[in-house]
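# A closer look at the structure
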Amino acid sequence: AQTVTQSQPEMSVQEAETVTLSCTYDTSESNYYLFWYKQPPSRQMILVIRQEAYKQQNATENRFSVNFQKAAKSFSLKISDSQLGDTAMYFCAFSQGAQKLVFGQGTRLTINP
Amino acid sequence: DAMVIQNPRYQVTQFGKPVTLSCSQTLNHNVMYWYQQKSSQAPKLLFHYYDKDFNNEADTPDNFQSRRPNTSFCFLDIRSPGLGDAAMYLCATSADWKSTDTQYFGPGTRLTVL
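What counts and what doesn't
Residues numbered from 1 in each chain as written. Chains lettered and ligands numbered in written order. Predicted model: local features only at pLDDT ≥ 70, side-chain atom pairs only at ≥ 80, totals over all residues. Heavy atoms only, no water. Salt bridge = Lys/Arg side-chain N within 4 Å of Asp/Glu carboxyl O. Helix = DSSP H or I, 4+ residues; strand = E, 2+ residues; numbered from the N terminus. Buried < 20%, exposed > 50% of the residue type's maximum accessible area, 1.4 Å probe, protein only. Contact = heavy atoms within 4.5 Å. Disulfide = S-S within 2.5 Å.

Right, let's talk about the pattern of salt bridges for a bit. As enumerated under the stated definition, the model contains six salt bridges over all chains in all. A salt bridge links Arg63 of chain A to Asp86 of chain A, with the nearest nitrogen and oxygen atoms 2.8 Å apart. Pair noted here: Arg63 of chain A is in the loop between strand S7 (60–61) and strand S8 (64–69) and Asp86 of chain A is in the loop between strand S9 (74–79) and strand S10 (88–95), with a separation of 23 residues, a long-range link. Like Asp86 of chain A, Arg63 of chain A is buried. Taking the shortest distance from any N to any O, the salt bridge between Glu57 of chain B and Lys100 of chain A comes out at 2.6 Å. Linking Glu57 of chain B in the loop between strand S6 (53–56) and strand S7 (64–67) with Lys100 of chain A in the loop between S10 and strand S11 (102–103), this pair reaches from one chain into another. For Glu57 of chain B, a relative accessible area of 13% puts it in the buried group. Judged by its relative accessible area of 40%, Lys100 of chain A falls in the partly exposed class.

All right, on to the environment of Arg63 of chain A then. Placed 14 residues apart in sequence, Arg63 of chain A and Leu77 of chain A show a C-alpha to C-alpha distance of 10 Å. Among residues more than four places away in sequence, those in contact with Arg63 of chain A are Lys78, Ile79, Ser80, Asp81, Ser82, Gln83 and Asp86 of chain A.

Inspection of the entire model under this criterion finds two disulfides over all chains. Sulfur-sulfur distance for the disulfide between Cys23 of chain A and Cys92 of chain A comes to 2.0 Å. Residues Cys23 of chain A and Cys92 of chain A are joined through a disulfide that is left-handed, its torsion about the S-S bond being -70°. Here Cys23 of chain A is found in the loop between strand S3 (19–21) and strand S4 (24–26), whereas its partner Cys92 of chain A is found in strand S10, with 69 residues between them in sequence. Across the disulfide, Cys23 of chain B is cross-linked to Cys91 of chain B (sulfur-sulfur distance 1.9 Å). Judged by the sign of its S-S torsion, about -75°, the cystine formed by Cys23 of chain B and Cys91 of chain B is left-handed.

Here is the structure:
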């Protein structure tokens, strides 16, 4: 079974700093999808960024980018120029073909003013 | 504009008293999902509907049931809630059953069991 591990339960940085959240996963498959979801306090979870395993190029969405290392089964999220609104729980998730998402335990990120 | 709506946002029930949680969507998506998220844990998929086809996860307790009377609405029924069922319940939708389809989540219903 696929597993997703986020080794940082909590992180805290100052506004405008860059922060990197770690995620590792375990699978024997070669084709799959990886996601980062953001769950702000008392608000719904939203998709931040998606990476398709067969694409070597790292995905980027504005201030959010990933470092996808397929051989190492690592999928980290970098947030540049962090903002107060980035404060949230961040979940790394894995999906193999179909839509069944397997989530990591989450990283609680706090951006301090 | 709300796209995935969950009611109520907070629900308190008594041990063993049946409870129903509601989810509606304005996206006209084919797939609707129910997740259980316990405190400080990852969301866990309970089941999903692809149109009218119900798909139960193997480890979802029989205590949990679901109904989808039409495209827009999906209900989660907990027949006899136990203390261990206290959690946030998340509803999500996607246009189709492909990993390229984004899942849109509702704000969740926090269930308390007394």
